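Geometric and topological summary
The residues making up each chain are set out below.
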Amino acid sequence: MRVTNRSLKGREGEIAVTAETLDDLWHLKYIIEKGDLVFAVTKRKADSASDKIRPEKVEKVKVRLGIRVDEIEFHKFANRLRVHGMIEHGMDVGSFHTLNIEIGTNLSIVKEHWKSDQLQRIQDAEEASKRPKVVMVAIEEGDADIGFVHHYGIEIYSHIRQSSGKRETSLRNEFFREVVEQLRHAVPEEASIVIAGPGFTKEDFIKYFQEIEPAMASKALIEDTSMIGMSGFQEVLRRGAVDRIMQESRIARESALMEDLIREISMDGKAAYGFADVNNALNFGAVETLLVADETLREGREKGEDIDKLLMEVEQAQGKVVVFSTAFEPGEKLHKLGGIAALLRFKVRG
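Worth saying up front: this structure is predicted, and the values here are computed from it rather than measured. By convention here, each chain's residues receive numbers from 1 onward along its written sequence. pLDDT decides what is reported in this predicted model: residues at 70 or higher carry local features, side-chain atom pairs at 80 or more are listed and counted, and totals for whole chains, interfaces and linings draw on all residues regardless. Computation of side-chain values covers all heavy atoms of the structure but excludes hydrogens and water.

**Focus: the overall build of the protein**
Along the backbone of the protein there are 12 helices and 16 strands. Throughout, a residue-residue contact means that at least one pair of heavy atoms, one from each residue, lies within 4.5 Å. Considering only intrachain contacts with a sequence separation of at least 6, the fraction spanning at least 24 residues in the protein is 66%. Surface exposure here means Shrake-Rupley accessible area, sampled with a 1.4 Å probe, where a residue is shielded only by the protein chains that are shown. Surface exposure of the protein reaches about 18200 Å², of which carbon and sulfur atoms provide 48%. Numbered from the N terminus, helices here are DSSP runs of H or I no shorter than four residues, and strands are runs of E no shorter than two.

Okay, here's the thing in structure tokens:
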């Protein structure tokens, strides 16, 4: 997510963002609330005398509208977020309209009060767009390219060419060693690695990689491509390997937290679940990590519950808040447990 404008006085005001990924649209579902004012460029039918005579010829024109949000729907498989409400700024004020927010859409969100988790979501999404979660190596005999996968595209980090010789073992190992050395500098701790290319060089390289850097190589997977360079990187993207890695990475983090929670619950240990138990633990200053399902967060706000007060109190007590996606299994499990739970610093009696 790219923030293009931020104009806040305290917690009131406007933040303009551009959605760059499907994840950003998912984040916006939980940032935009009923009653917010949202501006975006959209298409609306132009009303004219000729339109009334020949309605089949009515054309839509691009206009910038500001609507007061009444309803939000996230269509994951259509890659869009639908924001519906009454027009307050632009043409046809007083009429209803639906903004279709897609990847690449720039929109402004105006709130009377920005909540802590909403501001944190924007910050996390903005930071995520700046650092690669996947590093790709496209390699063939004597040639390799390293690229960073960003939300906005692929950035070539380096090109490595074998200095001389053909397939001599020492020269080949020196070439592999140089690629590994570049990866040591290039790969962020949390990033995954895709080793791609034609032929068998990539298989030989990953064997070498596993011997020299077993921890880093454990995060690597192999993909076949017909060439290296940018074209090879694009082949990997088209096959969906990067999308799978991104999704699996999030699921892995949330699964680990759920495993910790279930283990502690089964041992009657340092865990609490359900609003009452979590509140009780919070009163003792025991909450280390609060786990909350995104749907529980949304439902609580719609019902006017004090869920935001709870989140704020956890942060003030130096606790961490993790919002789970109910689109994945760990989030579904959490939702079935009441949608809210906590890993504790110490055990609390009920």
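The discussion continues.
**Re the environment of Ile228**
Tracing the chain through its elements places Ile228 in the loop between β12 (220–224) and α7 (229–238). Here the term buried applies to any residue with accessible area under 20% of the maximum for its type, exposed to any over 50%, and partly exposed to those in between, with areas from a 1.4 Å probe on protein chains only. Relative accessible area serves as the criterion here: at 13%, Ile228 is assigned to the buried category. Residues Ile228 and Glu140 lie 88 residues apart in sequence; the distance between their C-alpha atoms is 7.0 Å. Residues contacting Ile228, with those up to four places away along its chain left out, are Ala138, Ile139, Glu140, Asp143, Ala144, Asp145 and Pro198.

**Quick word on the pairing of strand β5 (residues 80–89)**
Of the pairings in the sheet, the one linking β5 to strand β6 (residues 96–102) comprises 7 bridges and is antiparallel in character. Residue His84 lies in a different strand from β6, and its bridge partner there is Thr98. Between β5 and β6, which pair antiparallel in sequence order, lie 6 residues; one of them, Gly90, sits at a positive phi of approximately 110°. Pairing between strands requires that DSSP locate at least two bridges from one strand to the other.

**Some points on a positive patch on the surface**
Among the surface-exposed residues, Lys43, Lys45, Lys60 and Lys62 lie close enough to one another that they form a single positively charged patch. Listing elements by their share of the positive patch, those giving two or more residues are β3 (37–45) and β4 (60–75). Mapped onto the secondary structure, Lys43 falls in strand β3. Residues qualify for a patch when their relative accessible area is over 30% and they have no salt bridge, like charges being joined within 9 Å and the nonpolar side chains of Val, Leu, Ile, Met, Phe, Trp and Tyr within 5 Å. Salt bridge, as applied in this entry: a Lys or Arg side-chain nitrogen positioned within 4 Å of an Asp or Glu carboxyl oxygen. Charged residues are defined here as Lys and Arg on the positive side and Asp and Glu on the negative side; His and the ends of the chain fall outside this count. Just so you know, the charge point we use is NZ for Lys, CZ for Arg, CG for Asp and CD for Glu.

**What about the packing of helix α9 (residues 275–283) against helix α11 (residues 307–316)?**
The axes used here are C-alpha line fits, helices contributing only the stretch in contact, and every angle between their N-to-C directions lies in the interval 0 to 180 degrees. Interaxial distance between α9 and α11 falls to 11 Å at its minimum, and their mutual angle equals 35°. As for how α9 packs across α11, the hand of that crossing is left-handed. Only Ile307, Leu310, Glu313 and Val314 of α11 make contact with α9, whose side of the interface consists of Phe275, Val278, Asn279 and Leu282. Basically, the charged four are Asp, Glu, Lys and Arg, the nonpolar ten are Ala, Val, Leu, Ile, Met, Phe, Trp, Tyr, Cys and Pro, and anything else, Gly included, counts as polar. Of the residues belonging to the contact of α9 with α11, the class tally is 6 nonpolar, 1 polar and 1 charged. Helix crossings are classified by the rotation of the near helix relative to the far one: an anticlockwise turn of less than a right angle makes the crossing left-handed, while a clockwise turn makes it right-handed.

**Observations regarding the packing of aromatic side chains**
Note on aromatic contacts: the rings of Phe and Tyr and the six-membered ring of Trp form a pair at centre separations within 6.5 Å, being stacked when their planes are under 30 degrees apart, edge-to-face when over 60 apart, and tilted otherwise. Applying the stated criterion across every chain yields a total of 5 aromatic pairs. An angle of 55° between the planes, with centres 5.7 Å apart, marks the rings of Phe176 and Tyr208 as tilted. Here Tyr208 lies in helix α5 (residues 201–212) and Phe176 lies in helix α4 (residues 169–186), a separation of 32 residues in the sequence. Relative accessible area serves as the criterion here: at 2%, Phe176 is assigned to the buried category. Aromatic side chains Phe205 and Phe209 sit 5.5 Å apart centroid to centroid with 25° between the ring planes, which places their arrangement in the stacked category. Taken together, the positions of Phe205 and Phe209, both in helix α5 and 4 residues apart, correspond to about one turn of that helix.

**A few points about unusual backbone geometry**
Keep in mind that most residues, glycine aside, have a negative phi and that most peptide bonds are trans. Backbone geometry places Asp268, a non-glycine residue, at a positive phi of 55°. With respect to the helices and strands, the residue Asp268 is situated in the loop between α8 (241–266) and β13 (271–273). Unlike most non-glycine residues, Gln318 shows phi in positive territory, near 65°. Within the secondary structure layout, Gln318 lies in the loop between α11 and β15 (320–324). Its relative accessible area of 66% is what places Gln318 among the exposed residues.

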